[in-house]
Amino acid sequence: MLGGTIEEKAAAAETFQSYNGAYQLGGDRVVHHVEVSSFPNWVGTDQVRIVHLAGDELSLSSLPLVIAGALQTAHLSWRRAAPSLGESANNA
């Protein structure tokens, strides 16, 4: 965490994004009320994502936005991990 060159740290910052805060879920949308963010200009904003849940997979997609002069959509996906030994699937 404390190591790395300035170039390595810059590269890590360019490929990392995080934010947190309260959220509201309604239909196929989730609205994140951003309280903390690695993008300071997002603090105090609402970030809308399209939600898709199928089986063990959850995905969030942004609405189309202009990034570097091109219209783009961001996607993030998760898959539920298998239950650990001794844990039932209903408790996972």
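Fair warning: this is a prediction, and the values are worked out from it, not measured in the lab.

Trainee: Quick question: what am I supposed to make of the side chain of serine 37 here?
Mentor: Structurally, the position occupied by serine 37 is in strand S2 (residues 29-37). Among the polar contacts listed, one links the side chain of serine 37 to the backbone oxygen of serine 18, at a separation of 3.4 Å. Polar contacts involving the side chain of serine 37 include one to the main-chain amide nitrogen of phenylalanine 39, which spans 2.9 Å. When near neighbours in sequence (up to four residues on either side) are disregarded, serine 37 contacts Ser18, Tyr19, Trp42 and Val43.

Trainee: Looking at this structure, I do not really get unusual backbone geometry. What am I missing?
Mentor: A positive phi angle is found at alanine 68, which is not glycine, with a value near 55°. Topologically, alanine 68 is positioned in the loop between strand S5 (65-67) and strand S6 (70-72). The exposed category is assigned to alanine 68, whose relative accessible area is 83%.

Trainee: Looking at this structure, how should I read the pairing of strand S4 (residues 57-62)?
Mentor: For a regular strand, side chains alternate in direction, first toward one face of the sheet and then toward the other. Here strand S3 (residues 46-54) pairs with S4 via six bridges, running antiparallel. What sits directly across from leucine 53, in S4, is leucine 58. What sits between the antiparallel neighbours S3 and S4 is a turn of two residues, in which glycine 55 has the positive phi angle 60°. As judged from the five bridges shared by S4 and strand S7 (residues 75-79), these two strands associate in the antiparallel manner. When the bridges of S7 are listed, glutamate 57 appears paired with arginine 79.

Trainee: What is the right way to look at the packing of aromatic side chains in this model?
Mentor: Applying the stated rule across the entire model yields two aromatic pairs. Each ring, one from tyrosine 19 and one from tryptophan 42, has its centre 5.4 Å from the other, and the planes form 65°; the classification is edge-to-face. Within this pair, whereas tyrosine 19 is found in strand S1 (residues 19-26), its partner tryptophan 42 is found in the loop between S2 and S3, the two being separated by 23 residues in sequence. Between phenylalanine 39 and tryptophan 42 the ring centres are 5.1 Å apart and the planes differ by 85°, which places this aromatic pair in the edge-to-face class. With a relative accessible area of 16%, tryptophan 42 lands in the buried category. By the ring-pair criterion, three or more aromatic residues cluster together here, those being Tyr19, Phe39 and Trp42.

The rules behind these values
- Residues numbered from 1 in each chain as written.
- Predicted model: local features only at pLDDT ≥ 70, side-chain atom pairs only at ≥ 80, totals over all residues.
- Heavy atoms only, no water.
- Helix = DSSP H or I, 4+ residues; strand = E, 2+ residues; numbered from the N terminus.
- Polar contact = N/O pair within 3.5 Å; in protein donor to acceptor, adjacent residues only side chain to side chain.
- Contact = heavy atoms within 4.5 Å.
- Buried < 20%, exposed > 50% of the residue type's maximum accessible area, 1.4 Å probe, protein only.
- Pairing = 2+ DSSP bridges.
- Phe/Tyr/Trp six-rings, centres within 6.5 Å; stacked < 30°, edge-to-face > 60°.

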